[in-house]
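# Structural overview
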Amino acid sequence: MSIQSISSKAEDIRDVLRYIKKFKAASVVIYIDDRLIDQPLFTSHIRDIAMIHEAGIQVVIVPGARKRIDEVLETNNIQWRMKNGVRLTKEDALPLIKMAAFDVANRIMTSLAGEGKTAVIGNWVRARSMGILDGIDFSAAGDIDKIQVDAVKTILEDRFIPIFPCIGWSLAGKPYNISSVELAAEIAQRLQADKLFFLLPNGNISEENFFIPQHISRSPENKIPALNISEAQELLEKNSFHHENNVPLDENLSQKEKILKLIRIGIKACTNGVSRVHILDGLIDGTIPCEIFSNLGCGTMIYESDYGRIREMTTEDIPAILNLIRPFVEEGILLPRTEQSLAATFTDYIVYELDNGIKGCAALHLYNDFQAEIAAVAVDPVCSHLGIGPKMMEYLLNKAQSQQATSVFILTTRTADWFEMQGFIPDDISTLPTKRKEKWSPSRGSKLFRKKL
């Protein structure tokens, strides 16, 4: 194995260890679509859930049961129809719906037992009838009225895994069929959970199925790794109608509609105190631990808090900066920096921090003749599609302007195209500040690009 491969693997391990520390004793609510139960990867997902629980994370599971309820009602020749995502049926179907919901919960509990984990199925949800809306009787369907949060917290503290079937009970003990995805979101909000996962087949947001505004970052596979609240709202607006002719979405696009609903629920959950909401493709092996223990994961994260941020560098960041720039130095893209040189100039640097890990850096050096230099721009290649480089450039350009600089220049050997995309234009080396010109090496042959402020 090459030194570069070892270094890359070591950085991945550091990320995992950092996230284990960050999320130890964190609470995670996981909605599992019951269409996944009969999939080959279901056992792997259960094993992953057991693993993250073993890492000290508190886990709550809310299984969807639509597929199983459909099967049970069909077997018993019970008629039903869906209206706005709610099942409409007569009250005499409720015992069968309840049986199907608990059947799914039991399968998950049994699977967790196979991994050495103790799960508990409980009736912690109080519900009330949805009643009659616009002349439609929703008698068997219910709305969430109350969740026994204290009881759930006790179960979590005792290191058990609570499982919530999609059934709620009235004060009189009458059962109602409630929405699993809304239940998962409500539990996450009441617990102020660190994460809410929606695990479903083909749960991905990509250009193949959605219109994605150009400024929203994409992964190399053209999927969306993360959305802040405003981006998520914009995505909803752009996909409520076909963006070209404002034709309402086709009724057959049920999967797209379901994901759009999850985005709406995710926005509300984040607004009400859930740190992050993740929409995951349950047909991808390892998607749950990948989403928890890595910077980018493989699903789409919705967040309100500061997931990625720019801040001033500190001397404690020096080892991480040296690790970040090392590959760029080896490729001849950046000049070498030492621990001593960074310690002497650290006040010139900014870093881009992603979940407490440094994934980008850049420096702004000021000169006496109202010129400024942006240097040492480096972004972790794994995060290059997140727009970290342009964000740091914009930050430093604004900082240079606030320091009365009239222009900013860069010197580069291999990244001229990228800087031209940021609005820099070629300039002559003779225009460099005298102090910087003394350090310029003809043998390196760096080209000068400048942007006026």
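The next thing to look at is the environment of Gln192. Examined against the element boundaries, Gln192 turns out to sit in the loop between helix H6 (180-191) and strand S13 (195-200). The spacing of Gln192 and Gly273 is 81 residues in sequence and 5.6 Å in space, taken between C-alpha atoms. Every residue in contact with Gln192, bar those within four places of it in the chain, is listed here: Ser27, Asn272 and Gly273. A distance of 3.0 Å separates a polar side-chain atom of Gln192 from the backbone oxygen of Asn272.

In total, this model carries six aromatic pairs according to the counting rule given. For the ring pair Phe102 and Trp169, a centre distance of 6.1 Å and an interplane angle of 70° mean the geometry is edge-to-face. Taken together, the residues Phe102 in helix H4 (residues 94-114) and Trp169 in strand S11 (residues 167-169) connect sequence positions 67 residues apart. By relative accessible area, Phe102 is classed as partly exposed at 21%. Their ring planes at 80° and their centres at 5.9 Å tell us that Phe419 and Phe424 sit as a pair that is edge-to-face.

Turning our eyes to something else, we now look at the confidence of the model for the protein chain. Residues at a pLDDT of 70 or more form 94% of the protein chain, whose mean pLDDT is 89. Below a pLDDT of 50 lies the segment residues 242-253, which in the model reaches 13 contacts outside its immediate sequence neighbourhood of four places, other chains included.

A few words on the pairing of strand S18 (residues 349-354). Of all the six residues making up S18, six are buried; the element is thus mostly covered by neighbouring parts of the structure. On S18, burial covers both faces: Tyr349, Val351 and Glu353 on one face and Ile350, Tyr352 and Leu354 on the other are all buried. The sheet contact formed by strand S17 (residues 308-312) and S18 spans five bridges and is antiparallel. Within S18, the position partnered with Arg309 by the bridge is Glu353. Two elements, S18 and strand S19 (residues 357-366), share six bridges in a ladder whose sense is antiparallel. Following the sheet pairing, Tyr349 is matched in S19 by Ala363. Two successive antiparallel strands, S18 and S19, enclose a turn made up of two residues, where Asp355 displays a positive phi of approximately 50°.

The rules behind these values
Every chain begins its residue count from 1, and numbering advances along the sequence as written. Owing to the predicted nature of the model, reporting of local features is limited to residues with pLDDT of at least 70; listing and counting of side-chain atom pairs is limited to 80 or more, with chain, interface and lining totals taken over all residues. Only hydrogens and water are set aside when side-chain values are computed; all heavy atoms of the structure are taken into account. Each helix is a run of DSSP H or I of at least 4 residues and each strand a run of E of at least 2, with the numbering of both proceeding from the N terminus. Contact definition: two residues touch when any of their heavy atoms are within 4.5 Å. By the criterion applied in these results, polar contacts are pairs of N or O atoms within 3.5 Å in which, for protein atoms, one can donate a hydrogen and the other can accept it, and in which residues neighboring in sequence qualify only through two side-chain atoms. When two rings of Phe, Tyr or Trp (its six-membered ring) have centres within 6.5 Å they constitute a pair, described as stacked for plane angles under 30 degrees, edge-to-face for angles over 60, and tilted for the intermediate range. Partly exposed residues are those whose accessible area sits between 20% and 50% of the maximum for their type, while under 20% is buried and over 50% is exposed, using a 1.4 Å probe and protein chains only. A score from 0 to 100, pLDDT tells how confident the predictor is in each residue. In short, DSSP must find at least two bridges between two strands for them to pair.

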